[in-house]
Amino acid sequence: MYKDIVLPRVLEQVVNCKDELAQFYLMDCIIQVFPDEYHLQTLDVLLGACPQLQPSVDIKTVLSQLMERLSHYAASSAEVLPEFLQVEAFAKLSNAIGRVIEAQPDMPTLGVVTLYSSLLTFTLHVHPDRLDYADQVLGACVRKLSGKGKIEDSKATKQVVALLSAPLEKYNDIMTALKLSNYPRVLEYLDVPTIRVMATVIIQSIMKNGTRISTSDKVEALFELIKGLIKDSDGTSNDKLDEDDFKEEQNSVARLIQMFYNDDPEEMLKIIETVRKHILAGGPKRLPFTVPPLVFCSLKLVRQLQGQEENPFGDDASTTPKKIFQLLNQIIETLSGIPVPELALQLYLQCAEAANDCELEPVAYEFFTQAYILYEEEISDSRAQITCIHLIIGTLQRMHVFGVENRDTLTHKATGYSAKLLKKPDQCRAVYACSHLFWVEDHDNMKDGERVLLCLKRALRIANAAQQMANAARGSTGSVMLFIEILNKYLYFFEKGNPQITVASIQSLIELIMNEMQSDSTTSDPAAEAFLASTMRYVQFQKQKGGAVGEKYEPIKYEPIKA
Amino acid sequence: MEVHDYLKTLCPDLHITRGEYDEDTRYPETKTLTIGQFKLGLCHGHQVIPWGDLDSLAMLQRQLDVDILVTGHTHQFTAYKHEGGVVINPGSATGAYSSITYDVNPSFVLMDIDGLRVVVYVYELIDGEVKVDKIDFKKTASTHTAH
């Protein structure tokens, strides 16, 4: 009855009254008052009345409200969905909107976008699997926006963001959203800052849903979408962006890169190459953020391939660790001149270690060479030097792939750098750290007791020099801390069975320390005293162990200082 | 900065020592603090060579004069007890790549310090499941003199 009698008559009245306020109000009433099932069945009639209304009526709000009601109705229960299909709701609504927009060529952007936004929400609820419908809506929106340039009205911008966020929220999968060919086209109409906001929204959606991005094509499409974050847009610079915001942005890109993964090494390599291509365009401000995650992704791939047997029948084109290392070299090289030498040095050393694990001696040597060059030419800050020396020594200590000559060259350089640090205490510590370069467990041919002792003695000389300098400069010798540290190293190698470290040498070092501590001219240092005490406790524990260990330590004598 | 802020929301009393990738140079190389009856020392560990070597770490522990040394760098959980005390490495909370450790399982540690006893709870994510283990340490009444 409603359909055949009531509605047509009511609508006739509405149209005939020709009063825009009344029309708007009455249409609104009809939509809100009557149940949704009725609306579905009478869509033709209802929508047919719209173009007949006064041109000044805010028809877009009317239509939006209708669509919103129908969206909620669809969301309320799955059982009602077939009805939507049966009455071809989507087609009718989309035509109606098209007609309205055509009839009002001066409709502002906000109006257009609001209409399409409501239609899209409707589509997502009613036809979630019809990506083509969603794409159609976006396409229609793009056509309407074309020729108008970037959107400047902030309300319209918000609506576009809502329009673009809807598929993300619905599908929970950026890859599905990417299948909408018109999606990136809508994005183009936003101004630059908003594009970046959208890009961040997209990345957050990926992180929240743990979306796997697993092919280089998908990476390509995704980077195209978020290109506002990856590189400067033509003409604009980043000066306007707050530094903290910029860092956060780039950190989210870095996290995103870590999410790219495919089990198949060939595809993974393609992904890495695609990422590299894109991040290169990012320029010096972005590379320090984007290069490290790419390097570590590549190193993970190397490790994955390590486990696999080298395929003798594999052709030259297949993915091998060697290939990846070549790529890594190029990737890290992009950091040169930015300048971030410590970062580059660290990354080179990581690669060296990975090459070591792959038994690729020349590759490992090359990475070390690059690291050393950086150290010599670009790292002049004292604190940075200390950190880098530790990394160099620590990495070198773990390398087993080097032949004698290569190892000697690198070790010699490392000890040289250590002895040239600015402050004597730092020199001393770095030099005694180098002693470990000559003593590697699990490799009997790398246990050179003599060179260990030479290192420790060199450290002692530096410690002595430090004392003399302190005496000359300040009138009292400095703390004995360094001597106690060296003593501990003597004990370390004594424990490990270095025949060059004799009980006599340990004993005389202890005596030297005791003398220094009791001397009036030495600055008292509670920390050093505590260290000596704990060291002697250690010796005591070892003696108490009995057996071979106890015997070894037994001859070491120590008289604690009377308080 | 984001991670720093996040950690502060977990507990405002936050102590940090510098790792080799930390750009913030204000973080110290080592730190010591006292909790209850225990003296704790903190050091990332890239400065202690050989990396992960328990004897070298014990030397640092003696130098800092602490009962418990908390260290990292290797991304491998270890808890090492010796006569001088305990060395704990909680591993990597994110399971990040390490040149030193293969197959890093994300892990972290909670320490419950109660009187002379400390219980270490280690949480590890292994094959998608969280596994918890517990290790007890007791400190013998102190034999060394107070300073």
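Residues numbered from 1 in each chain as written. Chains lettered and ligands numbered in written order. Predicted model: local features only at pLDDT ≥ 70, side-chain atom pairs only at ≥ 80, totals over all residues. Heavy atoms only, no water.

(A) Focus on the overall build of chain B. Check the secondary structure of chain B and you find two helices and eight strands. Along chain B, helices and strands appear, N-terminal first, in the series α-β-β-α-β-β-β-β-β-β. For 147 residues, the compact-globule formula gives about 15 Å, and the C-alpha radius of gyration of chain B, at 15 Å, lands near that figure. The burial tally for chain B puts 43% of its 147 residues in the buried class. Entry remark: accessible area of chain B is about 7900 Å², with carbon and sulfur atoms responsible for 54%. For chain B, the separation between the mean place of its 12 positive charges and that of its 21 negative charges on side chains is 8 Å. (Helix = DSSP H or I, 4+ residues; strand = E, 2+ residues; numbered from the N terminus. Rg over C-alpha atoms; globule rule 2.2 N^0.38 Å. Buried < 20%, exposed > 50% of the residue type's maximum accessible area, 1.4 Å probe, protein only. Areas by Shrake-Rupley, 256 points an atom, 1.4 Å probe, with all protein chains shown as cover. Lys, Arg positive; Asp, Glu negative; His and termini not counted. Charge placed at Lys NZ, Arg CZ, Asp CG, Glu CD.)

(B) A look at the pairing of strand β7 (residues 117-126) of chain B. Residues and elements named next belong to chain B. Pairing geometry for strand β6 (residues 107-114) and β7, over eight bridges, is antiparallel. Opposite Ser 107, over in β7, you have Glu 124 as the bridge partner. Hairpin connection between β6 and β7: a loop of two residues separates the two successive antiparallel strands, and Gly 115 in this loop has a positive phi of roughly 60 degrees. By the bridge criterion, ten bridges tie β7 to strand β8 (residues 129-138) in an arrangement that is antiparallel. From the neighbouring strand, Val 118 faces β8, where its bridge partner is Phe 137. (Pairing = 2+ DSSP bridges.)

(C) Broad picture of the pattern of salt bridges. Considering all chains together, one arrives at 23 salt bridges over all chains under this definition. For the salt bridge of Asp 55 of chain B with Lys 496 of chain A, the shortest nitrogen-to-oxygen distance reads 3.1 Å. With Asp 55 of chain B in helix α2 (residues 54-64) and Lys 496 of chain A in helix α26 (residues 481-496), this residue pair bridges two chains. Classification of Lys 496 of chain A by relative accessible area gives partly exposed; the value is 26%. The shortest N-O distance in the salt bridge between Lys 139 of chain B and Asp 67 of chain B comes to 3.0 Å. (Salt bridge = Lys/Arg side-chain N within 4 Å of Asp/Glu carboxyl O.)

(D) View of the confidence of the model for chain A. In this model, chain A carries a mean pLDDT of 87, and residues with pLDDT of at least 70 account for 96%. Ranking the elements of chain A by mean pLDDT puts helix α6 (residues 81-86) of chain A last with 78 and helix α21 (residues 361-378) of chain A first with 97. (pLDDT = per-residue confidence, 0-100.)

(E) Examining the side chain of Thr 101 of chain B more closely. Looking at the secondary structure, you find Thr 101 of chain B in the loop between β5 (85-90) and β6. Here the side chain of Thr 101 of chain B touches Thr 74 of chain B through a polar contact of 2.5 Å, landing on its backbone oxygen. Once you skip the residues sitting within four places of it in the chain, Thr 101 of chain B turns out to touch Arg 303 of chain A together with Thr 74, His 75 and Gln 76 of chain B. (Polar contact = N/O pair within 3.5 Å; in protein donor to acceptor, adjacent residues only side chain to side chain. Contact = heavy atoms within 4.5 Å.)

(F) Fine view of the confidence of the model for chain B. Residue and element names in this part refer to chain B. Across chain B, the average pLDDT comes to 90, with 95% of residues at 70 or higher. With pLDDT under 50 throughout, residues 143-147 is counted as low confidence; its partners more than four residues away or in other chains account for three contacts. Interface scoring of the predicted complex returns ipTM 0.92; its pTM is 0.87.

(G) Fine view of the packing of aromatic side chains. Residue and element names in this part refer to chain A. One pass over the structure, following the stated rule, counts 17 aromatic pairs over all chains. On the basis of an interplanar angle of 65 degrees and a centroid distance of 5.8 Å, the ring pair of Phe 325 and Phe 367 is categorised as edge-to-face. One end of the pair, Phe 325, is in helix α19 (residues 321-333); the other, Phe 367, is in helix α21, with 42 residues separating them in the sequence. Taken individually, Phe 325 and Phe 367 each receive the classification buried, so the pair is uniform in this respect. Connected via pairs of aromatic rings, a cluster forms that spans Tyr 365, Phe 368, Tyr 372, Tyr 375, Phe 402 and Tyr 417. (Phe/Tyr/Trp six-rings, centres within 6.5 Å; stacked < 30°, edge-to-face > 60°.)

(H) Region of the structure containing the interface of chain A and chain B. Taken together, the contact between chain A and chain B spans 43 residues of the former and 30 residues of the latter. Together, the buried faces of chain A and chain B total about 3400 Å²; carbon and sulfur atoms form 54% of this surface. Across the chain A-chain B interface, the total number found is 14 residue pairs in polar contact (both at pLDDT 80 or more). Elements that contribute at least two residues to the side of chain A that touches chain B include exactly α16 (243-258), α18 (287-306), α20 (341-357), α22 (382-398), α24 (424-434), α26 and α28 (526-544) of chain A. Looking at which element gives the most residues to the side of chain A that touches chain B, the answer is α22 of chain A, with nine residues. Here the residues of the side of chain A that touches chain B sort into 15 nonpolar, 14 polar and 14 charged. (Buried area = accessible area lost by both parts, 1.4 Å probe. Nonpolar A, V, L, I, M, F, W, Y, C, P; charged D, E, K, R; others polar.)

(I) Structural view of the side chain of Thr 395 of chain A. Mapped onto the elements, Thr 395 of chain A comes out in helix α22. Classification of Thr 395 of chain A by relative accessible area gives buried; the value is 2%. Within the local environment of Thr 395 of chain A, its side chain forms a polar contact with the backbone oxygen of Leu 391 of chain A, the two atoms lying 2.6 Å apart. Look past the residues within four positions of Thr 395 of chain A in its chain and what remains in contact with it is Leu 349, Glu 353 and Phe 368 of chain A together with Trp 51 of chain B.

(J) Region of interest: the UniProt feature "domain: Calcineurin-like phosphoesterase" (unreviewed entry) in chain B. Sites flagged by UniProt as "domain: Calcineurin-like phosphoesterase" (unreviewed entry) map to residues 2-114 of chain B. Between the C-alpha atoms that bound residues 2-114 of chain B there is a distance of 32 Å. The span itself is 18% helix and 32% strand. (UniProt positions renumbered as here; feature names shortened; annotations may be inferred.)

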